[in-house]
Amino acid sequence: MTAEGKVKLKPGDTIGILGGGQLGRMLAMAAARLGLKCQVFSPDPDSPAFDVVLNATCAEYADVEALELFANDVDVITYEFENVPAATAMVLAARRPVLPAQTILETTQDRLIEKDFVKRLGIGTADYADVSSPETLQAAIARIGLPAVIKTRRFGYDGKGQSIIREGDDPVRIWEELGTKSAILEAFVPFEREISVIAARSVDGQVECYDVTENEHRDHILKFSRVPAAISDELAAEARAVAEKIATALDYVGVLAVELFVVTENGKPKVLVNEIAPRVHNSGHWTLDGASISQFEQHIRAIAGWPLGKPVRHGEITMTNLIGDDILTYERWLAVPGATVHLYGKGAPRPGRKMGHVTEVVPARRK
Ligand code: AMP
């Protein structure tokens, strides 16, 4: 810590990572390259991140004693998933700095609070309404129209906890199937493309955004990211400005991802924010091989209190996720010229499970 109470790690210090998935694993690998150690906390004994660190804590997120011991062993704490329970974050924050800060989780864990926050900043989103009963759902449909997307306010990911409601559907049945009392209804956005911005913000407020990524989903799960996105420079600048505004308004420290829709309104393209992820993000995996500094390194630099890097992109990049049985093709990928293969060391390839990814870079021509 510095005299002003800001985090400032030295090589050899230890970062605590909550969550043991592939994101935690790649964060720990980036930290190691900078001479920092990591300790991973995860309730899953098969956590892929455990394989790359010397010290791991395998305990439940509600295990206060394990959390306290973990906090005592580390210098700063970060997380690789946004649904860190508030009580867990509180126990940890009482002992060590937690970055990004706990208050950010309160905004990003709840789709309604997040949308209200984005709207207050004057940034566009799909039209939305708070829904808490069949009656409020009917009122929301009357205002927003159909088709629309109903999403649980909390704990949704990869298309889970959401349904499209179309003309002729029975909204009450869909509401009951969703099995929640707190949701939002969003206007269905007829987007041209989906893009994201990976932004990093330092303890001192320096913001660095990567070039805008274009994302293609299959069955609601990210399949391909391509960089640069096929959008105008003007729109790309607008998307990056949105991410910077969000990071600054949250007083964010670390890497965050802003997922956006590109829509055309009155013949002009514009962006609408879909979601904020307060962590490193799958759509930023291309930065491992496609940029001079990866999103994982930027996050580690930020939470260590170090200056961010100015990432240089190496060319045109495609990132392909290996999902479920795709992993069985890894040997074929190993033989693809110019491809870099990342395997997460997970066990059985279940459908929808992210098992690895491949980056292909077409180098930029020297001018
Ligand atoms: P989310 O969990 O909110 O990121 O949504 C997952 C995916 O569902 C998005 O990446 C979109 O492809 C699609 N989606 C979500 N919300 C909407 C919407 N309001 N209109 C159209 N498609 C949507």
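Here, every reference points to the structure presented above.
Let me sum up the structure you'll find in this document. (Residues numbered from 1 in each chain as written. Predicted model: local features only at pLDDT ≥ 70, side-chain atom pairs only at ≥ 80, totals over all residues. Heavy atoms only, no water.)

## Comments concerning the nonpolar core
So, step 1. By size, the foremost hydrophobic cluster in this structure holds 41 residues, and its most contacted members are Leu9, Ile15 and Leu36.
So, step 2. Listing elements by their share of this core, those giving two or more residues are strand E1 (14-18), helix H1 (22-33), strand E2 (37-42), strand E9 (193-201), strand E12 (221-227), strand E13 (254-265), helix H10 (295-304) and strand E15 (315-323).
So, step 3. The element that contributes the greatest number of residues to this core is H1, accounting for 6 residues.
So, step 4. Both domains that furnish three or more residues to this core are identified here as domain 1 (14-98) and domain 3 (193-363).
So, step 5. For Ile15, the residues in contact, after removing those within four places along its chain, are Leu9, Ala31, Leu36, Lys37, Cys38, Gln39, Val74, Val76, Thr78, Ile300 and Ile303.
So, step 6. Judged by nonpolar contacts, the second largest core, of 29 residues, contains Ala199, Ile231, Ala247 and Val273. (Core = buried A, V, L, I, M, F, W, Y, C linked by side-chain atoms within 4.5 Å. Buried < 20%, exposed > 50% of the residue type's maximum accessible area, 1.4 Å probe, protein only. Helix = DSSP H or I, 4+ residues; strand = E, 2+ residues; numbered from the N terminus. Domains from an automatic or database assignment. Contact = heavy atoms within 4.5 Å.)

## Considerations on the pairing of strand E4 (residues 76-79)
So, step 1. Residues Val76 and Thr78 point to one face of E4 and Ile77 and Tyr79 to the other, with burial holding for every one of them.
So, step 2. The pairing of E1 with E4 spans 4 bridges and is parallel. Bridging across to E4, Gly16 finds its partner in Ile77. (Pairing = 2+ DSSP bridges.)

## Quick notes on unusual backbone geometry
So, step 1. Note that the residue after Leu99, namely Pro100, is joined by a cis bond; omega there is -5°.
So, step 2. One can find Pro100 in the loop between helix H3 (86-93) and helix H4 (102-108).
So, step 3. A cis amide bond links Leu146 to the next residue, Pro147, at an omega of 0°.
So, step 4. The topology assignment puts Pro147 in the loop between helix H6 (134-144) and strand E6 (148-152).

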